[in-house]
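An overview of the molecular structure
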Amino acid sequence: MRNIDNIFEMGATKRHGQTIGAFFSEVWEKVKAKELFVIPDSCSLVYSGEKIEPDMINLIDAGSVGNTEHFREHIINNLKYVQPDFMLFKNNKYIENDKETRIAGCPDLVIEVWSEDNGEKDRAFKKYLYSTSSITEHWYIEQDSNIIECYYGREKIGVQNLADILVSRDGIKFDLRYLKLPE
């Protein structure tokens, strides 16, 4: 298993880092027990296609890759990539490159904490990319809000609030109520 000491190397603001670090700490025992695999934000999620042709962009289903070694040695490092704030694999397969800096797969859960550094194009692109996988849950948190927009594939499945215990579709719980902003 990868060295996850760098899991806390997060974004530009204190709340951003606290939020993502808190998500990680909530699942740490399951990571140690190898029930979950959490990817540090220094690892990139690769995809196929080009931004200029959005209909051609897709996350790569690692289960559909025929020759895993060939993919790891010759393809993964040449693909485009994004760096989500938090990626978690529980049931879905993934393939890492040898340097553990890039990963191909459809995470069970992706979390992005938006700040003013994330422009509208960046936000729209990431939402679209993550929605290309029908088996990926993706959450979006505005840095100055307690509201979390939640999607499963292309379907919006509602909102959650940092004032409550957060629960993924797989039943993974995150008690981040201490991060709730005052109202």
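Residues numbered from 1 in each chain as written. Predicted model: local features only at pLDDT ≥ 70, side-chain atom pairs only at ≥ 80, totals over all residues. Heavy atoms only, no water.

A separate point is the overall build of the chain. What the chain contains, in helices and strands, is 3 helices and 13 strands. Relative to a compact globule of 183 residues, whose C-alpha radius of gyration would be 16 Å, the chain shows 16 Å and is just as compact. Once the C-alpha set of the chain is aligned to its principal axes, its extents read approximately 50 × 40 × 30 Å. Residues counted as buried form 50% of the 183 residues belonging to the chain. Across the chain, contacts joining residues at least 24 apart in sequence account for 60% of those joining residues at least 6 apart. In the form shown here, the chain has an accessible surface area of approximately 9,500 Å², with 46% of it arising from carbon and sulfur atoms. Of note, the chain has its 23 positive side-chain charges centred 2 Å away from the centre of its 31 negative side-chain charges. (Helix = DSSP H or I, 4+ residues; strand = E, 2+ residues; numbered from the N terminus. Rg over C-alpha atoms; globule rule 2.2 N^0.38 Å. Buried < 20%, exposed > 50% of the residue type's maximum accessible area, 1.4 Å probe, protein only. Contact = heavy atoms within 4.5 Å. Areas by Shrake-Rupley, 256 points an atom, 1.4 Å probe, with all protein chains shown as cover. Lys, Arg positive; Asp, Glu negative; His and termini not counted. Charge placed at Lys NZ, Arg CZ, Asp CG, Glu CD.)

Another point: the pattern of salt bridges. The final tally for this structure, using the stated rule, is 7 salt bridges. One salt bridge in this structure joins K32 and E29, with 3.3 Å as the shortest N-O distance. In this pair, K32 and E29 both sit in helix 1 (residues 14-32), 3 residues apart, roughly one turn of the helix. By relative accessible area, which is 46% here, K32 ends up partly exposed. Given the relative accessible area of 54%, E29 is considered exposed. Between K156 and E149 there is a salt bridge, and its shortest N-O distance comes to 3.6 Å. E149 gets classed as partly exposed once you look at its relative accessible area, which sits at 23%. In this structure, a network of salt bridges that share partners links the residues K127, E149 and K156. (Salt bridge = Lys/Arg side-chain N within 4 Å of Asp/Glu carboxyl O.)

Turning next to the sheet that holds strand 9 (residues 137-142). Pairing is mixed in the open sheet, where 6 strands are placed in the order 1-5-8-9-10-11. On the outer flanks of this sheet lie strand 1 (37-39) and strand 11 (155-161), each paired with one strand and no other. This sheet shows a mean twist of 20 degrees between the axes of neighbouring strands, independent of strand direction. Judged from the 6 bridges that link them, strand 8 (residues 109-114) and strand 9 form a sheet pairing that is parallel. Bridging across to strand 9, V113 finds its partner in I141. Here helix 3 (residues 120-131) sits on the sheet and contacts strand 8, strand 9 and strand 10 (147-152); the angle it forms with strand 9, its principal contact strand, is near 160 degrees. (Pairing = 2+ DSSP bridges. Axes fitted to C-alpha atoms, helices over the stretch in contact; angles between N-to-C directions.)

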